[in-house]
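Observations on chain architecture
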Amino acid sequence: MDKKLKQSLKVAAIRKEMVVVWLKNGDKIKGIAEVSADPERLKINTIEETVWLPYKEVESVSRVVRLRIVGETSE
């Protein structure tokens, strides 16, 4: 697995962001990334369950970043 992907997953876990993970077998998993003590596996909380995925099975990752806008807008 690419170091940038692994770093992106770690940042998402620290920030408790939603991620979409595409696996090498074509499957897609969506959930909240969590910090994992296991250096070989990624932990994702989906709607149904908690999933542990080996990093080597991950093809790509998309992070869903929530933007908070403070104040009023005038249109």
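Structural notes, computed from the coordinates.

Conventions adopted
Residues numbered from 1 in each chain as written. Predicted model: local features only at pLDDT ≥ 70, side-chain atom pairs only at ≥ 80, totals over all residues. Heavy atoms only, no water. Patch = residues over 30% accessible without salt bridge, like charges linked within 9 Å, V, L, I, M, F, W, Y side chains within 5 Å. Areas by Shrake-Rupley, 256 points an atom, 1.4 Å probe, with all protein chains shown as cover. Salt bridge = Lys/Arg side-chain N within 4 Å of Asp/Glu carboxyl O. Helix = DSSP H or I, 4+ residues; strand = E, 2+ residues; numbered from the N terminus. Pairing = 2+ DSSP bridges. Axes fitted to C-alpha atoms, helices over the stretch in contact; angles between N-to-C directions. Buried < 20%, exposed > 50% of the residue type's maximum accessible area, 1.4 Å probe, protein only.

With respect to a nonpolar patch on the surface
On the surface, a cluster of nonpolar side chains totalling about 210 Å² of accessible area is made up of Met-18, Ile-32 and Val-64. Turning to its location among the elements, Val-64 is positioned in strand E5 (residues 58-64).

Digging into the sheet that holds strand E2 (residues 28-34)
Pairing is antiparallel across the open sheet formed by five strands, whose spatial order is E4-E3-E2-E1-E5. Two strands close off the open sheet at either side, each with one partner strand: strand E4 (50-54) and E5. Put simply, the sheet's adjacent strands are angled 45° from each other on average, direction ignored. Looking at chain direction, strand E1 (residues 18-23) and E5 are connected through six bridges and run antiparallel. Counted as the bridge partner of Leu-23 is Val-58 from E5.

Looking at the pattern of salt bridges
Under the definition given, this model contains three salt bridges. Across the pair Arg-63 and Glu-17 runs a salt bridge, and its minimum N-O distance is 2.7 Å. In this pair, Arg-63 sits in strand E5 while Glu-17 sits in the loop between helix H1 (3-15) and E1, placing the two residues 46 residues apart along the sequence. Note on Arg-63: relative accessible area 28%, which makes it partly exposed. Residue Glu-17 is classed as buried on the basis of its relative accessible area, which comes to 9%. In this structure, Arg-41 and Asp-38 form a salt bridge, with 2.8 Å as the shortest nitrogen-oxygen distance.

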